[in-house]
Amino acid sequence: MSNAALGADYAQAVERLAGRVLGALRGTQVPLPAVSDADRPADTTALAAVRVMGPDLFAPALFCRQPLPQPDRDTLDTALRVFPPRPGDSVEARWRDRTTAALLARGAAGADPAGPYAGGEPYADEDSERAALAEAAGIAGIVEDAEDTELTWQERSQRMARLAPLALPEVDGPYQQRACLHVRALSRGATRSLMRRDHPTAARLVRWLALAQSRGASPALDVPTVLDHLRLWGAPSARTALDLAIARRLLAATEGGPR
Amino acid sequence: MSVQTTPALSPVRAGVAERAALTALVDEPEAPFSDAPVYSPQGTGVLLLLALLSPKTPKESRPS
């Protein structure tokens, strides 16, 4: 299979998986249904989709305060073994892996209100294999990007857009804090993306703005209006629709509505 | 009678091509182009011509 065909294959698998995560997020089924292709544990394409989604797999579990279904945990374990984190990965990939591993090691989602970065020994109660995977991702994520303070608002927006899967409830870390701190830069970035009609990037940035607003920051954009605009014009893909759904749930939590 | 069982299939580590495809999706950049309207200086002459050719305001006709 050519590289382009492989990439298209993976992208389709990611879309399918994102659609199922979106269905679980919107659904009312308890316990949560498994979303991964657990019946095809040797399917590299399905495992790649799981790795691309990363922390987004946990969105229904975190919002519904339910544990991640065991088949999804097992598939995520396998995916981390087939596509292990590497120190040569980009900063964004390393942080996504770190968050995925930390959420996986947390056990029951939402059980640790201090978040995965609270220090101590977050993996002490887990089995050694999961702990090893989590540590591997942790090591990959320890390298802090020193140039981060020097980023322009365009560069910061592009970086944060790639880190949008980290914008989840009950997940805390440096990038969640930076979203609140640089809310103006992200508002500019979202506006720029809207003007460029780059709706997937705009949805990712609005997701960060919704998280910042849920934590007390004041975005320079009317986030609900932008969400409506993107829903009407810019959500042809399941991944973008998932970003918008998560942003809306974050806002609903701010307003005291159901999560 | 043989009692051999088939072990569950376990995928090996992904190869270079698989890894590259995954990285492309994880590190997806912003859209390289957009169809947003852009400034076009060549359009200025056309606009000026259209303004000159636009119909003038109707004048009141004097009663004869």
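Residues numbered from 1 in each chain as written. Chains lettered and ligands numbered in written order. Predicted model: local features only at pLDDT ≥ 70, side-chain atom pairs only at ≥ 80, totals over all residues. Heavy atoms only, no water.

Counting secondary structure elements, chain B contains two helices and zero strands. Approximately 6100 Å² of chain B is accessible, and the part contributed by carbon and sulfur atoms is 65%. (Helix = DSSP H or I, 4+ residues; strand = E, 2+ residues; numbered from the N terminus. Areas by Shrake-Rupley, 256 points an atom, 1.4 Å probe, with all protein chains shown as cover.)

On to empty space enclosed by the protein. Gaps left between atoms show up when a probe the size of a water molecule is rolled over them. Scanning all chains against the criterion turns up six cavities of 30 Å³ or more. One number sums up the size of the largest cavity: a volume of about 130 Å³. In terms of lining, the largest cavity is formed by 16 residues, of which the most central are Arg96(A), Ala161(A), Pro165(A), Arg204(A) and Arg239(A). At the level of secondary structure, the elements contributing two or more residues to the lining of the largest cavity comprise α2 (44–53), α7 (153–162) and α12 (238–254) of chain A together with α1 (16–26) of chain B. (1 Å grid on protein atoms, 1.4 Å probe; cavity = no way out; pocket = protein on both sides within 12 Å on 5 of 7 lines; lining within 4 Å. Points joined across faces, edges and corners; volume = space filled by probe spheres on them.)

So, about the packing of α7(A) against helix α10 (residues 199–214) of chain A. All names here are of chain A. Running from amino to carboxyl end, α7 crosses α10 at an angle of 85°, the nearest separation of the two axes being 9 Å. In terms of orientation, α7 lies roughly perpendicular with respect to α10. Together, Ser-157, Met-160 and Ala-161 of α7 and Thr-201, Arg-204, Leu-205 and Trp-208 of α10 make up the contact between the two elements. Residue composition of the contact of α7 with α10, grouped by class: four nonpolar, two polar and one charged. (Axes fitted to C-alpha atoms, helices over the stretch in contact; angles between N-to-C directions. Parallel < 35°, antiparallel > 145°, perpendicular 65-115°, else oblique. Contact = heavy atoms within 4.5 Å. Nonpolar A, V, L, I, M, F, W, Y, C, P; charged D, E, K, R; others polar.)

Quick look at the interface of chain B and chain A now. Listed by partner, the interface residues are 23 residues for chain B and 35 residues for chain A. When chain B packs against chain A, close to 2400 Å² is buried across both sides, 56% of that on carbon and sulfur atoms. Counting across the chain B and chain A interface gives five salt bridges. Across the salt bridge formed by Arg204(A) and Glu28(B), the nearest N and O atoms sit 2.8 Å from each other. (Buried area = accessible area lost by both parts, 1.4 Å probe. Salt bridge = Lys/Arg side-chain N within 4 Å of Asp/Glu carboxyl O.)

This part takes up the nonpolar core. Residues and elements named next belong to chain A. Core analysis: the biggest nonpolar cluster contains 75 residues, and Leu-57 and Trp-208 have the highest contact counts within it. Top contributing element to this core by residue count: helix α1 (residues 3–26), with 10 residues. Other than its neighbours up to four places away in sequence, Trp-208 contacts Met-160, Leu-163, Ala-164, Leu-166, Ala-167, Tyr-175, Gln-176, Ala-179 and Leu-186. (Core = buried A, V, L, I, M, F, W, Y, C linked by side-chain atoms within 4.5 Å. Buried < 20%, exposed > 50% of the residue type's maximum accessible area, 1.4 Å probe, protein only.)

Residues and elements named next belong to chain A. Two elements in contact, α2 and helix α4 (residues 70–82), have axes separated by 9 Å at closest approach and are oriented at 95°. One finds that α2 runs roughly perpendicular with respect to α4. From α2, Thr-44, Leu-47, Val-50 and Arg-51 reach across to α4, where they touch Thr-75, Leu-76, Thr-78, Ala-79, Leu-80 and Val-82. The class makeup of the residues in the contact of α2 with α4 is six nonpolar, three polar and one charged.

A few words on the pattern of salt bridges. Should the charged atoms of two oppositely charged side chains come close, the side chains can pair. All names here are of chain A. Scanning the entire structure with this criterion turns up 17 salt bridges over all chains. Between Arg-207 and Asp-243 there is a salt bridge whose closest N-O contact spans 2.7 Å. Of this pair, Arg-207 sits in helix α10 while Asp-243 sits in helix α12; the two residues are 36 residues apart in sequence, bridging distant segments of the chain. Comparing Arg-207 with Asp-243 shows no difference in burial state: the two are buried.

What follows deals with α7(A). Along α7(A), the positions that sit buried rather than exposed are Arg156(A), Ser157(A), Arg159(A), Met160(A), Ala161(A) and Arg162(A). The elements touched by buried residues of α7(A) are α5 (91–105), α8 (174–181), α9 (183–195) and α10 of chain A.

Residues and elements named next belong to chain A. Each assigned domain of chain A is listed here: domain 1 (1–118 + 128–143) and domain 2 (145–259). Counting the surface lost from both domain 1 and domain 2, the interface buries some 2500 Å², and carbon and sulfur atoms represent 65% of this. Scanning the region where domain 1 abuts domain 2 turns up four salt bridges. The partner of Arg-162 in a salt bridge is Glu-92, and the shortest N-O contact between them spans 3.2 Å. Only α1, α2, α3 (59–64) and α5 provide two or more residues apiece to the side of domain 1 that touches domain 2. The element that contributes the greatest number of residues to the side of domain 1 that touches domain 2 is α1, accounting for seven residues. (Domains from an automatic or database assignment.)

Aromatic rings considered in pairs are described by the distance between their centres and by the relative angle of their planes. By the definition in use, this model includes one aromatic pair over all chains. The lysine or arginine in question, Arg178(A), covers the ring of Tyr175(A), its NZ or CZ lying 4.6 Å from the ring centre. (Phe/Tyr/Trp six-rings, centres within 6.5 Å; stacked < 30°, edge-to-face > 60°. Lys NZ or Arg CZ within 6 Å of the ring centre and 35° of its normal.)

So, on to α4(A). Taking 1.5 Å per residue, 13 residues should reach 18 Å; α4(A) reaches 18 Å between its end C-alpha atoms and fits that length. Taken together, the buried positions of α4(A) are Asp72(A), Arg73(A), Thr75(A), Leu76(A), Asp77(A), Thr78(A), Ala79(A), Leu80(A) and Val82(A). (Expected span 1.5 Å × (residues − 1).)

Residue and element names in this part refer to chain A. Within the secondary structure, Arg-197 sits in the loop between α9 and α10. Taking relative accessible area as the criterion, Arg-197 reaches 44% and is therefore assigned partly exposed. Sequence separation of Arg-197 and Leu-230 is 33 residues, and the distance between their C-alpha atoms is 9.7 Å.

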